[in-house]
Amino acid sequence: MKAILAIIKPHKLADVTLALRKLEGLAGMTVTDVRGFGRTRAEGAGELVPDDVADFVRKSRIDIICNDSVATTIVETIRKHAHTGAHGDGKIYSWSIEKAVRISSGETENDAV
Ligand SMILES: Nc1ncnc2c1ncn2[C@@H]1O[C@H](COP(=O)(O)OP(=O)(O)OP(=O)(O)O)[C@@H](O)[C@H]1O
Ligand SMILES: [Mg+2]
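As the structure is a prediction and not an experimental result, all values here were calculated from the model.

1. Focus on the environment of I64
Mapping I64 onto the fold places it in strand 3 (residues 57–66). Take I64: there are 23 C-beta atoms within 10 Å of it, and that puts it in the buried class. It is 6.6 Å that separates the C-alpha atoms of I64 and G28, two residues lying 36 residues apart in sequence. The contacts of I64, once residues within four sequence positions are left out, are I4, M29 and I74.

Structure (structure tokens):
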């Protein structure tokens, strides 16, 4: 199983979500409103969080746990649909995980994703 973490521009969230929902292997996703900065700052000056001393910019965070076979497709789908070509488009990170439990049924690992 893989964990995928994507931090994208909020106005791209709808596009990305619609594209992800068309994929066979997507079991679910979690979305969170977050703020942060990358190595280039000051992009999207109009999106700065008011009253913040740091130069945080609002972003949308997507967390997905999936089976290994669909991980590459999910990453590529996010990349394609979150892309504008400007600074601040975001990041996608992925790593292997060892445990998943479906609480309602008690299933574990790939069956639980
Ligand atoms: N190394 C990191 N660790 C944790 N979060 C990060 C990291 N890099 C970026 N982020 C998060 O992703 C958001 C978008 O990053 P961003 O796309 O601006 O990265 P960047 O490195 O500045 O690249 P770019 O030049 O394309 O802007 C940041 O606001 C922050 O929330
Ligand atoms: Mg940046």
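2. Notes on the sheet that holds strand 1 (residues 2–8)
Read from one edge to the other, the open sheet built from four strands follows the order 2-3-1-4, with strand pairing classed as antiparallel. Taken across any chain shown, the strands that pair with only one partner, and hence form the sheet edges, are strand 2 (30–36) and strand 4 (90–96). Each strand axis lies, on average, 20° off the axis of its neighbour in the sheet, ignoring direction. Relative to strand 3, strand 2 runs antiparallel, the two sharing seven bridges. Residue V31 lies in a different strand from strand 3, and its bridge partner there is I62. Set on the sheet, helix 2 (residues 68–82) makes contact with strand 1, strand 3 and strand 4; between it and strand 1 the angle comes to about 5°.

3. Digging into the packing of helix 1 (residues 13–21) against helix 2
For the pair helix 1 and helix 2, interaxial distance at closest approach is 9 Å and the crossing angle is 145°. For the pair helix 1 and helix 2, the sense of crossing is right-handed. Residues D15, V16, A19 and L20 of helix 1 form the contact with helix 2, whose own contacting residues are I74, T77, I78, H81 and A82.

4. Remarks on unusual backbone geometry
In this model, E109 sits at a positive phi of 50°, which is unusual for a non-glycine residue. Within the fold, E109 resides in the segment after strand 4.

5. Here we look at helix 2
The end-to-end C-alpha distance of helix 2 is 22 Å, a good match for the 21 Å that 15 residues give at a rise of 1.5 Å each. Turning to helix 2, its buried residues are I74, I78 and A82. For helix 2, the angular spread of the buried residues around the axis is 40°, confining them to a single face. Across helix 2 from its buried face, at more than 90 degrees, point the exposed residues S69, T72, E76 and K80. Buried-residue contacts for helix 2 involve strand 1, helix 1, strand 3 and strand 4.

Reading guide: rules and limits
Residues numbered from 1 in each chain as written. Chains lettered and ligands numbered in written order. Predicted model: local features only at pLDDT ≥ 70, side-chain atom pairs only at ≥ 80, totals over all residues. Helix = DSSP H or I, 4+ residues; strand = E, 2+ residues; numbered from the N terminus. Buried ≥ 20, exposed ≤ 12 C-beta atoms within 10 Å, placed from the backbone. Contact = placed C-beta atoms within 7 Å. Pairing = 2+ DSSP bridges. Axes fitted to C-alpha atoms, helices over the stretch in contact; angles between N-to-C directions. Left-handed = near helix turned anticlockwise from the far one by under 90°. Expected span 1.5 Å × (residues − 1). Arc of directions from axis to C-beta.

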